[in-house]
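Given next are the chains, with one letter for each unit.
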There are 2 protein chains.
Amino acid sequence: MTETVIAAPIRERFTAARAAAVRLATTTGAARVEALTAIAAAIDSHADAIIDANALDLANGRENGLSSALLDRLTLSTERVASLSASVREIAALPDPLGQTVRGSRLPNGLKVDQVRVPFGVVGAIYEARPNVTVDIAALALASGNASILRGGSAAERSNAVLVALMQNAVGAAGLPRETIQTIDEFGRAGASALMQARGYVDVLIPRGSAGLIETVVSSSTVPVIETGAGVVHIVLDESARLDWAVDIVHNAKVQRPSVCNAVETVLVHAAAAERLLPPVLDRLAVSGVTVHGDDRTREIWPAAVAADEDEWSTEHMSLDIGVRVVDDLDDAIEHIRRYSTSHTEAIITEDLANAERFLAEVDSAVVMVNASTRFTDGGEFGFGAEVGISTQKLHARGPMGLTELTSTKWVVRGNGQSRS
Amino acid sequence: MTETVIAAPIRERFTAARAAAVRLATTTGAARVEALTAIAAAIDSHADAIIDANALDLANGRENGLSSALLDRLTLSTERVASLSASVREIAALPDPLGQTVRGSRLPNGLKVDQVRVPFGVVGAIYEARPNVTVDIAALALASGNASILRGGSAAERSNAVLVALMQNAVGAAGLPRETIQTIDEFGRAGASALMQARGYVDVLIPRGSAGLIETVVSSSTVPVIETGAGVVHIVLDESARLDWAVDIVHNAKVQRPSVCNAVETVLVHAAAAERLLPPVLDRLAVSGVTVHGDDRTREIWPAAVAADEDEWSTEHMSLDIGVRVVDDLDDAIEHIRRYSTSHTEAIITEDLANAERFLAEVDSAVVMVNASTRFTDGGEFGFGAEVGISTQKLHARGPMGLTELTSTKWVVRGNGQSRS
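These figures come from a predicted structure and were not determined experimentally.

**Points about the overall build of chain A**
Secondary structure summary: chain A contains 14 helices and 16 strands in total. The C-alpha radius of gyration of chain A comes to 24 Å, within 12% of the 22 Å expected for a compact globule of 421 residues. With respect to the principal axes defined by its C-alpha atoms, chain A has extents near 70 × 70 × 40 Å. Going through the 421 residues of chain A one by one, you find that 58% of them count as buried. Expressed as a percentage of contacts within chain A between residues at least 6 apart in sequence, the contacts between residues at least 24 apart total 72%. Across chain A, the mean location of the 37 positive side-chain charges is 10 Å away from that of the 53 negative side-chain charges.

Here is the structure:
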């Protein structure tokens, strides 16, 4: 355990989380489901108190000039509170990730060796102005047998305080330690900074939020971090792409929900198919109000496009804007992706088997797709039930993270007197 | 990709490694085996050049007052060079870890979703004065389809330079990029520091060496790190422990190879069994020259023990020294382990089923054992063939790391026109 300068009151929370984690590690799935069910019920029956606290955060946010997007994310309406408890009930219904034997064998010397799934212990989360994340992470951590320490930022402090208190009472009433879920919001930046230095207390830290926040956590943390990242997502329209699939998939990937990380940001079209594909694909986007930022070759074919500037190819718009570039061939497309992608999700629309397989093999992103919308990169769609986030790093978890990704393993060895020779 | 200040010549190596990784990701297992076989042959046929370069490092080390232990680790004798190439051949004989489908399903909408094993890309390693690690890490990385960037420290610089040049030529002759394996030793500390900041170029960084080196890498690196750690390893002698197993296992775990991380450092004995077990267990250790550092209760029963000082319980001796403490019961033993263990390996010797299961469930270490020597925590013993190291962290890999632990996964999604509704 590393000794860092962590103020005593914060260290107390960390120690309490550690103790709670010890208890949680040997709980049954049924006990954790009972606690989750109690949390859902507590949220439902205290919806008014949650909304009242949230109103204070919102008033404060308006005073401090928070953007309307941030205010929206911060808002807990009656419907949103109901969806919080619904989400906890969904998590409670997922299969227990703990105790599963991942690998196992009997060695020649008679030793039985099994790799068994266990909780991390204590999961930390640093996020911004999103009270729903407070409930999501706490519930996912609890479902996977982990204690959680939450730093949700000052903008949502009152909402988070009420939610955490409710959840602590519910967990306590269900017979598990109240300290299973804790906030360190009242310690401000000192709390966040202690959390990033809490090696030995916290086993994994998950940042969720802006690129700036994630960058800070990755560069400052000595606790192992799971990076959930931005998506500069590409769709390649290959020479052989079916027109109807190209039109439907690009439209779906851009328009269905433009503000999320799996929405497409750049379309790369094979030069030999650009005249055939671009007009119908881009017309359909334009009807839905999408602004097309095209390179010169695109604008020759579809003059309504505005000129793409230099930053276009590395921009995650998260809005009804899309970059479109004509590429010479598949190599050119893969090279573009290698250069500009954040390695989240990329798709190719093609009827050519060899090109499909090349794309899947050579594009090094968390999710690679053939003839499907990039919007499918999602824990729910993949059948994980709940989603912790989408990892764009390669260590531990890659792509949508479910409950399994909040666990580690340990090796259990059973012998009868064996020594090594 | 983060922009950090990395000097151009170092950045060039990183870029070359990235390009090599792109090639490696689509190689067949046969092509990688061919390159590994060429490396083994090159080491054999250039043994003299390796030993000559090593002699210069050794002379330099003696001049600089390197300890005899460090000089020993640095030394490449004829036998040790032969064991380097033997180890590469063993790695070449392991099953290819790439391409395996880890999980896969057909979603209700017809999408086929598979999680497939892929290389990390570029693996970095920072280590000290151990030219054998140069070959081990390079070969393990290559076998798992990764490029490697090695920083082996100034003490072994000449040995490492010759080994890397040999391996590069061999890999090149086998038709893979020479830059599959690179050293940055000649850039000194600037190289090490660039490697720790090479996010976007390097996918994972493995420190191997002293606690101080590992601590520096963990606290300074923005590249994800796999921590291989020290082992303050415990054996608990439960009230019901069989005497012959207790004697044999403690002796094996301490004496068979005291300088390694899976050797036992502390024995905790149940108070009710201390008089029965301690004299024969400690007599047997004493015969092999082990110094016993006992607590007061141990010294009452076995007066030849020296008094354990305050630091005893957190010390990794790696020598013929052992700490021995009498504990009140299993709770007391588990509490001691929780406080002092580095979470590497712990074992219990017991005939009581309930106590065995409690120990396995409640002790949170990478490897937990019943009635077996802690010396079995080893990739070779577990059947992994080669070993990258033993991870004491919970993210990504825990316990002995084989080739699989040098891989990541990606999700491959195959559709026929699906959009999300």
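Having seen the model, we can carry on.
**Structural notes on helix α3 (residues 47-63) of chain B**
All names here are of chain B. For α3, spanning 17 residues, the distance from its first C-alpha to its last is 24 Å, which sits close to the expected 24 Å at 1.5 Å a residue. Considered for burial, the residues of α3 that qualify are Ala47, Ile50, Ala53, Asn54, Asp57, Leu58 and Gly61. Viewed end-on, α3 has its buried residues packed into an arc of 150°, placing them on one side of the element. Exposed side of α3, more than 90 degrees from the buried face: Asp48, Asp52, Leu56, Arg62 and Glu63 are the residues found there. Positioned one or two residues after α3, glycine 65 has a phi angle of 75°, which is positive.

**Focus: helix α2 (residues 29-45) of chain B**
Residues and elements named next belong to chain B. Between the first and last C-alpha of α2 there are 24 Å, a value that for 17 residues agrees with the 24 Å anticipated at 1.5 Å per step. Of all the positions in α2, only Arg32, Ala35, Leu36, Ile39, Ala40, Ala42 and Ile43 are classed as buried. Taken down its axis, α2 places every buried residue within 160° of arc, on the same side. Among the exposed residues of α2, those pointing more than 90 degrees away from its buried face are Ala30 and Ser45. In this fold, the buried residues of α2 make contact with α1 (8-25), α3, α5 (78-92), α6 (131-143), α7 (157-173) and β5 (181-183).

**A word on the pairing of strand β8 (residues 264-270) of chain B**
Residues and elements named next belong to chain B. With 7 of 7 residues buried, β8 lies mostly within the body of the structure. Strand direction decides the pairing type here: strand β7 (residues 233-237) and β8, joined by 5 bridges, are parallel. Note that in β8 the partner of isoleucine 235 across the bridge is valine 267. Summarising the sheet, β8 and strand β11 (residues 321-327) pair through 5 bridges and their orientation is parallel. Looking at β11, one finds that valine 267 is bridged to valine 324.

**As for the sheet that holds strand β1 (residues 101-106) of chain B**
Two orientations exist for strands paired in a sheet by backbone hydrogen bonds: parallel and antiparallel. In space, the 10 strands of this open sheet follow the order β10(A)-β9(A)-β11(A)-β8(A)-β7(A)-β12(A)-β13(A)-β16(B)-β2(B)-β1(B), with mixed pairing throughout. Each edge of the sheet is formed by a strand with only one pairing partner; in this case those strands are β10 (306-307) of chain A together with β1 of chain B. Relative to strand β12 (residues 345-349) of chain A, strand β7 (residues 233-237) of chain A runs parallel, the two being bridged by 4 bridges. When the bridges of β12 of chain A are listed, valine 236 of chain A appears paired with isoleucine 348 of chain A.

Criteria and thresholds
Per-chain numbering applies: the sequence of each chain, read as written, is numbered from 1 onward. Think of it this way: whatever chain is written first is A, whatever ligand is written first is 1, and the rest follow in order. Totals for whole chains, interfaces and linings use every residue, but because this is a predicted model, local features are given only for residues with pLDDT of at least 70 and side-chain atom pairs only at 80 or more, for both listing and counting. Each side-chain value is derived from all of the structure's non-hydrogen atoms; neither hydrogens nor water enter the calculation. Per the convention used, a helix needs a DSSP run of H or I reaching at least four residues, while a strand needs a run of E reaching at least two, with both numbered from the N terminus. Computation of the radius of gyration draws on C-alpha atoms, with the globule rule given as 2.2 Å multiplied by the number of residues to the power 0.38. Here the term buried applies to any residue with accessible area under 20% of the maximum for its type, exposed to any over 50%, and partly exposed to those in between, with areas from a 1.4 Å probe on protein chains only. Any two residues whose heavy atoms approach within 4.5 Å at even a single point are treated as in contact. Working convention for charge: Lys and Arg count positive, Asp and Glu count negative, and His plus the chain ends are omitted. Where a charge lies is defined by one atom per residue type: Lys uses NZ, Arg uses CZ, Asp uses CG and Glu uses CD. Expected helix span is taken as 1.5 Å per residue step, with the number of steps being one fewer than the number of residues. For this quantity, the arc is that covered by the directions from the helix axis to the C-beta atoms. Being paired, for any two strands, means DSSP has found at least two bridges between them.

Everything listed here is a matter of coordinates, which is why it stays silent on function.
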